[in-house]
Amino acid sequence: LYSLPVYFRDDWLNGLRPSYKFVYLGPAGTCTRLHADVLRSYSWSSNVAGRKRWYLVPPEDTPLLYDVYGRGLAPHLHFDLECPLNACLFPGLAAA
């Protein structure tokens, strides 16, 4: 089956029950919404086929990703800001 690589054995998330082992699959063009990993942990990723583009935002810019109310996270960095409603709802997103 699967054996945990030695480099990841000390990861505290691996000791939790239920286990947080997961796999994401998707066709070409699949994207993931902006998010923080489960329990704010650090996930390791590997591509088996195809390409993956990562967009990293510095921690100090995190507030720019939230809506005008400070509660809702923008769906993704390329949210349609040409729409005036979206631009008003996420005023800091263009700077992120």
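Since we're looking at a predicted model, the values are computed, not measured.

The rules we used
Residues numbered from 1 in each chain as written. Predicted model: local features only at pLDDT ≥ 70, side-chain atom pairs only at ≥ 80, totals over all residues. Heavy atoms only, no water. Helix = DSSP H or I, 4+ residues; strand = E, 2+ residues; numbered from the N terminus. Rg over C-alpha atoms; globule rule 2.2 N^0.38 Å. Buried < 20%, exposed > 50% of the residue type's maximum accessible area, 1.4 Å probe, protein only. Contact = heavy atoms within 4.5 Å. Areas by Shrake-Rupley, 256 points an atom, 1.4 Å probe, with all protein chains shown as cover. Lys, Arg positive; Asp, Glu negative; His and termini not counted. Charge placed at Lys NZ, Arg CZ, Asp CG, Glu CD. Core = buried A, V, L, I, M, F, W, Y, C linked by side-chain atoms within 4.5 Å. Patch = residues over 30% accessible without salt bridge, like charges linked within 9 Å, V, L, I, M, F, W, Y side chains within 5 Å. Salt bridge = Lys/Arg side-chain N within 4 Å of Asp/Glu carboxyl O.

Asks: Even after reading the chapter, I still don't get the overall build of the chain, so can you show me in this structure?
Replies: Per the secondary structure count, the chain includes 1 helix and 0 strands. Its C-alpha atoms give the chain a radius of gyration of 17 Å, more than 25% over the compact-globule value 12 Å for 96 residues. With the C-alpha coordinates aligned to their principal axes, the bounding extent of the chain is approximately 50 × 30 × 20 Å. Here the chain, with 96 residues, has 12% of them falling under the buried criterion. Of the contacts made within the chain by residues no fewer than 6 positions apart, 36% connect residues no fewer than 24 positions apart. Total accessible area on the chain stands at roughly 8600 Å², and carbon and sulfur atoms take up 59% of it. In the chain, the 9 positive side-chain charges and the 8 negative ones have mean positions that sit 11 Å from each other.

Asks: Where do I start with the nonpolar core in this structure?
Replies: One broad rule of soluble globular proteins: the nonpolar side chains tend to lie buried together. By size, the foremost hydrophobic cluster in this structure holds 6 residues: Leu65, Ala74, Leu77, Phe79, Phe90 and Leu93. Filtering out sequence-adjacent residues up to four positions away, leucine 65 remains in contact with Leu34, Val57, Gly72, Leu73, Ala74, Leu77, Phe90, Leu93 and Ala96.

Asks: Looking at this model, I keep getting lost on a nonpolar patch on the surface. Mind explaining?
Replies: On the surface, Trp12, Tyr20, Phe22, Tyr24 and Leu39 cluster together into a nonpolar patch covering about 610 Å² of accessible area. Structurally, tryptophan 12 is set in the segment before α1 (84–89).

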